[in-house]
Amino acid sequence: MRQFYNTHRKIFYSFFFLFFLVTGFAKGQTFTVTEKCVPSPACAEDGTVFNEDNNSKATAWAWDFGDGGTDIVRNPLHAYKTAGTFNVTLTRTFADGSKTTETQAITIGEVPPAFQKWKADTTICPGQSIDLNPYPTNAPAGAKYIWYPKGDTTQILKVDSSGCYSVQVIMPNGCKLQDKVNVKICMEPTNSEGAKWYFGANAGLDFNNSPPSPLTDGQVNTAEGVSSIANSKGELLFYSDGITIYNKDHKKMDCFAIANCAPLLGSHTSTESVLIVPQPTCRGCEYLYNVFTTTDIQGTKYLTVSVVDMRRNNGKGAIIEQNTTLQQPTTERIAAVENKRDTTYWVVSHDYGTNKFRIFHATTGGLTETSSPELGMAHDSLNKGEGYMKFSSPDSTSGDRRLAIVIPGPPTNYVELFKFNDSTGVLTYDKKINLGPAPPIAYGIEFSSSGEKMYVTFQGDGKTKSYLKQYDLTFSDSTLVESALVIDSSATQKYGALQMASDGKIYMAVDGSDYLGVIGKPERNSVSTIEYKLEGANLGGKKSGLGLPNMVQDFSQESSGPGFTADGFCTNEPTTFEAGPICDPKEDTYSWNFGDGSAPTAPSKQQQKATHTYTQPGSYLVTLSQTNECTTMVTKDTVVIYETPPAMNLRANIDTCGQYIQLDMGITAQIYEWYNRGRIVGRSRTLKVTATGRYIAVAYNGPQRDCFTADTTEVTLRKPPAFDLGADTTMCRDSSILITAPGLTWREFLWNTGEKTRSITVRQPGTYFVQVKNGNDCYNADTIQVGELPSPFLGLAPEYYICIPDGGSTVLDAKGVGVIHYEWPATGDTTQTITVNQKGVYTVLGTNKEGCIAQKSTTVLDQCEPRFFIPDAFTPDGNGKNETLEVFGAYYTNYSIRIYNRWGEVIYATNSIESRWDGTYKGMKVQPGVYPYIVSYEAQYFPERNPVVLRGSVMVIR
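Predicted, not measured: the structure shown is a model, and the values here were computed from it. (Residues numbered from 1 in each chain as written. Predicted model: local features only at pLDDT ≥ 70, side-chain atom pairs only at ≥ 80, totals over all residues. Heavy atoms only, no water.)

A. Representation of the overall build of the protein chain. What the protein chain contains, in helices and strands, is three helices and 75 strands. A compact globule built from 958 residues should have a C-alpha radius of gyration of about 30 Å, whereas the protein chain, at 38 Å, is more than 25% larger. Projected onto its principal axes, the C-alpha positions of the protein chain cover 120 × 95 × 65 Å. The buried share among the 958 residues of the protein chain stands at 47%. A total accessible area of about 45100 Å² is found for the protein chain, and carbon and sulfur atoms account for 49% of it. Once the 85 positive and 99 negative side-chain charges of the protein chain are each reduced to a mean point, those two points are 2 Å apart. (Helix = DSSP H or I, 4+ residues; strand = E, 2+ residues; numbered from the N terminus. Rg over C-alpha atoms; globule rule 2.2 N^0.38 Å. Buried < 20%, exposed > 50% of the residue type's maximum accessible area, 1.4 Å probe, protein only. Areas by Shrake-Rupley, 256 points an atom, 1.4 Å probe, with all protein chains shown as cover. Lys, Arg positive; Asp, Glu negative; His and termini not counted. Charge placed at Lys NZ, Arg CZ, Asp CG, Glu CD.)

Below is the structure:
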């Protein structure tokens, strides 16, 4: 337990300090000393512990440790750099100002010698074993050994399976030294902490398989935030909904040494209710996990942390610390990343009511709050406190990541972007993106692996649709939003969380669905190429909620392994290839065949990265052969090379007189873009320029727009004399009209009909355009619209419905525009509206002032709308009145009702409207109060409609 208390030093000492203040005792007591050893310099929490006597009534302390070190806390921790005997002096100061001094001589022992030829990571071939030995030569005399995880006490441990192994060496003087080694099996999956997902209504996915297979043994049944954690081999450790922690056997995790084992303080309706983050150890294997929770924004707004120790209960884990408050008030947001360079973790939350972040650092010394920067918008309303917060992957050069926060409306949805350095923990502001009005409400967010594409979900409210959109963060701020791609929309489904998985795909929660949506290729630029499927991942009959597992961002990134990646897909430009090792750190040799007839490269250990230039576009089958002492692998994949567009030849400077000038890139490409003042002003090969300025033309090939050519021109456009064809005009059918270009100075004419005369005769309605030129080579142009005399408009709906059994009727409205006379042949009426009570086909004729007639018909159908009445209270108190909940309905089918208690349990359900709830559950009267219900039914006369779901609550009064 020492390591736990060192890790959580503040909590441990605070508890006893309060105890001392309460009890208080006499002067003249003696301090005690434990851990009298030179600590390992790698372990910040190691050192000699000095404990003041429990009975001391001193109010201040001054320690002199005899080696030049001092401290002023009651129970200090001091690290001696060398072994030896030291005179330690404690000066106590009491409330009356008096002082006493106590001196003890203590002997600091030497720790065991450093382990010999010890590797932090080692890999063995399948079927092999390895001897782990801290001292292959000159083992220290009298040393004892304890191995993790099984407690072996031999000096040498023979290992044939992967995992983390640590050994603690204990000398006769009691001094200890511990270190660990991660043993990997070649070709066995690693870095799979994010492989097991549990979420929604008992749903789950296993990403150890491809495609991921459904998990149906999960115990969480929650609307939103969840978290899960596996070991590096993808074996489940535990998961949580923020209220209950479930172990790998899907049982409720026990508490250890906690007097009152209570639920965690998360919430089923908190966006990011829970987040599991490992607690690093100095030299031992990882076994502690911090479980952070956030409460519903409507509630107490607590950010708390609990701690799980996986050494307990035979590796099934136990909760050893519960619900320590880190901050109040807080929003529903919490996110974490790993600094792989030192294997520590950063955890970021956001306060409620201000623009203050909280940044925590989980290191071998414990969990500490390192800073609380004030950046960006204040999260000062309930809706602003919801919405996801997500990190991107780190930049390969700077180590900076993006941090995105969805700040929902109403009235406006925003995403704020920040930069976070996972080496320093420094957070800086980047930009605010206006996503448009709410509703729909922005909710989920996720980055592609590169961080260049950002995906956001929006939840509809019945009047607006739900949306899934992609934003390209490489675009300028002015074009980022307007260029967003709408991937999907729905008027009936509610889109929720977005989460990257280890297969490189982004998964989307769809509330109440048997599937998750899947974005197969998140880096791509178009709806057709991202390989999106709304029903992409089958949940095996279980249901999704709005939430997906919140986890350390690095645990959900695409895993690397054997095979290769390629970058650069343009002709006459280098294409780079990089192979992933078969099993790190085994050394591979590599040989490449680029599939274009060039000679394969000779096998070499230096060929992990290769470069090749293709001269022709096309598809090429690239083969990589790689070998190490365990195995040989051959990987084949097709790369598609695109033609680099030829160079453009825009005129460098254009000076002309006219209303516009037509620019032409003059080359063939897949995508064209014209830029002026940082904005895209055209997306075709040609551009009609109407203003002076600098214009940039870019032509692209390839789905990622990697292959491009560009050119620039400066346009000076001088204005010509005015020219006007006159106001738009009309013509009657079967007649003609003469259009003339006015102005005697114009000498040349070119109409869009091809005619070159000053006047043309028009026999059809439409748009007519003429370009004119004068003797000074100045051009101008104008357009005139020729229309026909209008026909009247009738907006009679195609169908109406009446309920004949109820004696119903309906009003048929012709909704005429420009109509001066109506006629209904079936009834003889001449009004805009008529009332009918019989089904059938009804026709209306409308005449305008020009004598034009329009006709439209409608069908009146005998169909009744469903009707329901659900009381909002009843009194099952035995007085014989209003004893049961009675639901009344008509013209419905497939009815069901479910009533829930405050914990989400179904306490009453029926499919018959004749059945009535008497206010009991399992034969016992329920407590008075409000009980939510869900009613579902279908329309009897409208079978094509989706089922209707009514949500409400009923009050039980006793």
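B. Just empty space enclosed by the protein, in detail. In the structure shown here, the tally under the stated rule is three cavities of 30 Å³ or more. There is about 90 Å³ of room inside the largest cavity. Lys390, Phe391, Asn550, Met551 and Gln553 are the residues nearest the centre of the largest cavity, which is lined by 13 residues in total. Elements supplying a minimum of two residues to the lining of the largest cavity: strand E24 (330-339) and strand E28 (389-391). (1 Å grid on protein atoms, 1.4 Å probe; cavity = no way out; pocket = protein on both sides within 12 Å on 5 of 7 lines; lining within 4 Å. Points joined across faces, edges and corners; volume = space filled by probe spheres on them.)

C. Seen up close, a nonpolar patch on the surface. There is a patch of nonpolar side chains on the surface, built from Val930, Met955 and Ile957 and spanning about 240 Å² of accessible area. Within the secondary structure, Val930 is located in strand E74 (residues 929-939). (Patch = residues over 30% accessible without salt bridge, like charges linked within 9 Å, V, L, I, M, F, W, Y side chains within 5 Å. Salt bridge = Lys/Arg side-chain N within 4 Å of Asp/Glu carboxyl O.)

D. Main features of the nonpolar core. Ranked by internal contacts, the top residues of the largest apolar core, which has 67 residues, are Phe238 and Met454. Other than its neighbours up to four places away in sequence, Met454 contacts Val415, Leu417, Ile433, Ile445, Glu446, Phe447, Lys469, Gln470, Tyr471 and Leu473. Membership of the second largest hydrophobic core comes to 19 residues, among which are Ile124, Trp147, Tyr165 and Val167. (Core = buried A, V, L, I, M, F, W, Y, C linked by side-chain atoms within 4.5 Å. Contact = heavy atoms within 4.5 Å.)

E. Expanded view of the state of the cysteines. One pass over the structure, following the stated rule, counts eight disulfides. The disulfide partner of Cys37 is Cys175, and the gap between their sulfur atoms is 2.0 Å. Linking Cys37 and Cys175, the disulfide has an S-S dihedral of approximately -95 degrees and is accordingly described as left-handed. You can see Cys37 sitting in the loop between strand E1 (32-34) and strand E2 (48-51) and its partner Cys175 sitting in the loop between strand E12 (163-170) and strand E13 (176-185), a full 138 residues away along the chain. For the pair formed by Cys37 and Cys175, the shared burial category is buried. With its sulfur 2.0 Å from that of its partner, Cys186 forms a disulfide with Cys583. (Disulfide = S-S within 2.5 Å.)

F. Highlighting the pairing of strand E49 (residues 679-682). Bridge analysis of strand E48 (residues 671-676) against E49 gives three bridges, and the strand direction is antiparallel. Counted as the bridge partner of Tyr675 is Ile680 from E49. Counting the residues that bridge the hairpin from E48 to E49 gives two residues, and of these Arg677 lies at a positive phi of roughly 55 degrees. (Pairing = 2+ DSSP bridges.)

G. Here's a closer look at the confidence of the model for the protein chain. Per-residue confidence for the protein chain averages 90 on the pLDDT scale, and 96% of its residues sit at or above 70. This model gives residues 1-26 a pLDDT under 50, and the stretch forms 49 contacts once residues within four places in sequence are excluded. (pLDDT = per-residue confidence, 0-100.)

H. Structural context of unusual backbone geometry. The peptide bond linking Gln328 to Pro329 adopts the cis configuration, its omega dihedral lying at 0 degrees. At the junction of Ala438 and Pro439, the peptide bond is cis and its omega measures out at 0 degrees in the coordinates. On the secondary structure map, Pro439 appears in the loop between strand E31 (426-437) and strand E32 (441-447). With a phi close to 55 degrees, Asn314 is a non-glycine residue in the positive phi region. Note that Asn314 resides in the loop between strand E22 (303-309) and strand E23 (318-327). The class of Asn314 is exposed, set by a relative accessible area of 78%.

I. Structural detail: the sheet that holds strand E41 (residues 574-580). One open sheet accounts for three strands, arranged E40-E41-E43; its pairing is antiparallel. Where the open sheet ends on each side, the last strands, each with one partner, are strand E40 (563-567) and strand E43 (609-613). Across the sheet, the mean angle from the axis of one strand to that of its neighbour is 25 degrees, orientation sign disregarded. Sheet analysis places E41 next to E43, joined by five bridges and oriented antiparallel. Looking across to E43, one finds that Thr576 is bridged to Thr611. (Axes fitted to C-alpha atoms, helices over the stretch in contact; angles between N-to-C directions.)

J. Up close: the pairing of strand E64 (residues 833-836). The alternating pattern of E64 places Ile834 and Val836 on a buried face and Thr833 and Thr835 on a face that is not buried. Bridge analysis of strand E61 (residues 810-813) against E64 gives four bridges, and the strand direction is antiparallel. From the neighbouring strand, Leu812 faces E64, where its bridge partner is Ile834.

K. Representation of the environment of Gly504 in the model. Along the chain, Gly504 falls in the loop between strand E36 (495-500) and strand E37 (506-510). Measuring from C-alpha to C-alpha, the distance between Gly504 and Gly520 comes to 7.6 Å, with 16 residues separating the pair along the chain.

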